[in-house]
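Coordinate analysis (summary)
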Amino acid sequence: MIKEIEISDYRNISGLVLKPVPQINVIYGQNAQGKTNLLEAIWLFTGGHSFRGAKDNELIAFGKTTFEMNMKFFSQEREQCAKINMTNGRRNVTINEIEKQSASSLVGVFCAVVFSPEHLSLVKEGPANRRNFIDGSLCQSKPAYAKLLMRYNRTLSQRNILLKEIAKHSELRDTLEIWDEKLASYGVSIVKERFSYLDMLQPAVEEIYHGISSEKEHFSLQYDSSFLKEGQREDIQACFLEKLKSSRKSDLMFGYTTAGPHRDDISFYIDKVPARAFGSQGQQRSVALALKLAESRVMESITGDKPVMLLDDVMSELDENRQDYILNHLKDQQVFITCCDPNTIHQLKQGALFKIQQGRLTEQTVLEA
Ligand SMILES: Nc1ncnc2c1ncn2[C@@H]1O[C@H](COP(=O)(O)OP(=O)(O)OP(=O)(O)O)[C@@H](O)[C@H]1O
Ligand SMILES: [Mg+2]
């Protein structure tokens, strides 16, 4: 939970101090005033990169050479503070007055879940978005998973290099087996972690989606493996090795590994119909939101801390019932929610409203229950 955040020279935010309440904090203002910038700044304290895909040096205010942010927060059962400053193209991080080697030291110290309109790609676009969703969430709540994923990806790119080399030097073909073994041993751990994550996520998304749709629609999901049969959870390593062997010919032809956890996908269904192809805008948005709300619930069960929710522009395209459910669902955790018109959140009974204009907070109202 954030107690206070101070930001200077971050995008259009030249100087701002925000003292949020522990419940819902509404950040409102006209277009291009800095609402998303503020959420993005908070998100950087998770140790991740901008959720808008921005490069680090794009985050510094025009005409400046550095930005600085300080945050006081409560997590892991104690008060903590962290500082991020960006100098010479590098993000420097200090946690509780101790300088850290890299920004990723923040991972697991401060946890948040973000939903922004870009996250609709989770439902609408290709499988990489869905893999990144589970992998990102697992990395935040289990730092060991990040290491595992890194090892898998490194092995994968080495195998891919080798596949291309074999075209020129066929004698290298014998070494492929060593990489297959290595890839399969990391791959099996990744798939097992994803399965156990989805086992926790699935019931939570189902319940939340049911609630968002006023109990009218049912959500379900399915992990689509590139090498396991539907529902299969046994002998994962053997199956992966078998698949690597049987697709060796095409792997050599394409010059990359055509099957493995890096090619897996997850399908989402509303009333048993694929949400990607048939869902309405509001339904697709509800799915993405339900996934994010469920992610926060699962993260809490793994880390013991309720993550901070950052909801950028969630209310548009949702009808009143769906909006109402979301606000009610978020009562007992700290939330930052942006909108242009605070009247869209008129159901809000307890929380605070902050008006942002040209990167500055100009009005503040606290609603007491
Ligand atoms: N590095 C930067 N330095 C200065 N200003 C920047 C920088 N990057 C972006 N901006 C400006 O920040 C402004 C506000 O951006 P932001 O995305 O936060 O708006 P918003 O309040 O979320 O608006 P909307 O309601 O349209 O989503 C933009 O007009 C943009 O030009
Ligand atoms: Mg915005």
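Residues numbered from 1 in each chain as written. Chains lettered and ligands numbered in written order. Predicted model: local features only at pLDDT ≥ 70, side-chain atom pairs only at ≥ 80, totals over all residues. Heavy atoms only, no water.

Compared with an ideal rise of 1.5 Å per residue, which puts 23 residues at 33 Å, helix H9 (residues 281-303) spans 33 Å between its outermost C-alpha atoms and is within 8% of the ideal. In terms of burial, H9 is largely enclosed, as 17 of its 23 residues are buried. (Helix = DSSP H or I, 4+ residues; strand = E, 2+ residues; numbered from the N terminus. Expected span 1.5 Å × (residues − 1). Buried < 20%, exposed > 50% of the residue type's maximum accessible area, 1.4 Å probe, protein only.)

Take a nonpolar patch on the surface next. A cluster of nonpolar residues, Met253, Phe254 and Tyr256, forms a patch on the protein surface that exposes about 340 Å² of accessible area. Counting through the fold element by element, Met253 comes out in helix H7 (residues 248-254). Met253 gets classed as exposed once you look at its relative accessible area, which sits at 64%. (Patch = residues over 30% accessible without salt bridge, like charges linked within 9 Å, V, L, I, M, F, W, Y side chains within 5 Å. Areas by Shrake-Rupley, 256 points an atom, 1.4 Å probe, with all protein chains shown as cover. Salt bridge = Lys/Arg side-chain N within 4 Å of Asp/Glu carboxyl O.)

You can see His218 is positioned in the loop between helix H5 (176-212) and strand E9 (219-224). The sequence separation of His218 and Asp313 amounts to 95 residues, and the corresponding C-alpha distance is 25 Å. In contact with His218, not counting residues within four places along its chain, are His210, Tyr269, Ile270 and Asp271. (Contact = heavy atoms within 4.5 Å.)

Among the 16 residues in the neighbourhood of ligand 1, the closest are listed as Ala32, Lys35, Thr36, Asn37 and Ile60. Within the side chain of Arg11, a nitrogen or oxygen atom sits 3.2 Å from a nitrogen atom of ligand 1. Separating an oxygen atom of ligand 1 from a backbone N or O atom of Gly34 is a distance of 3.0 Å. Computed on the free molecule, ligand 1 has an accessible area of 660 Å², of which 72% lies beneath the protein chains in the complex. Classifying every residue of the shell around ligand 1 gives five nonpolar, seven polar and four charged. (Near = heavy atom within 4 Å. Polar contact = N/O pair within 3.5 Å; in protein donor to acceptor, adjacent residues only side chain to side chain. Nonpolar A, V, L, I, M, F, W, Y, C, P; charged D, E, K, R; others polar.)

A few words on the nonpolar core. Counting residues in hydrophobic clusters, the biggest one holds 69 residues, and the most contacted among them are Val26, Leu201, Val287, Leu311 and Ile337. Broken down by element, the residue count for this core peaks at 14 residues, all from H5. Two domains each donate at least three residues to this core, and these are domain 1 (1-111 + 306-369) and domain 2 (117-304). When residues no more than four places from it in sequence are discounted, the contact partners of Ile337 are Ile24, Asn25, Val26, Ile27, Leu311, Val314, Met315, Leu327 and Ile345. (Core = buried A, V, L, I, M, F, W, Y, C linked by side-chain atoms within 4.5 Å. Domains from an automatic or database assignment.)

Glancing now at the pattern of salt bridges. All told, the structure shown has 20 salt bridges when counted by the stated rule. Residue Asp199 pairs with Arg233 through a salt bridge whose shortest N-O separation is 3.0 Å. Here Asp199, found in helix H5, pairs with Arg233, found in the loop between E9 and helix H6 (236-246); they are 34 residues apart in sequence, far enough to count as distant. The class for Arg233 is partly exposed, based on a relative accessible area of 41%.

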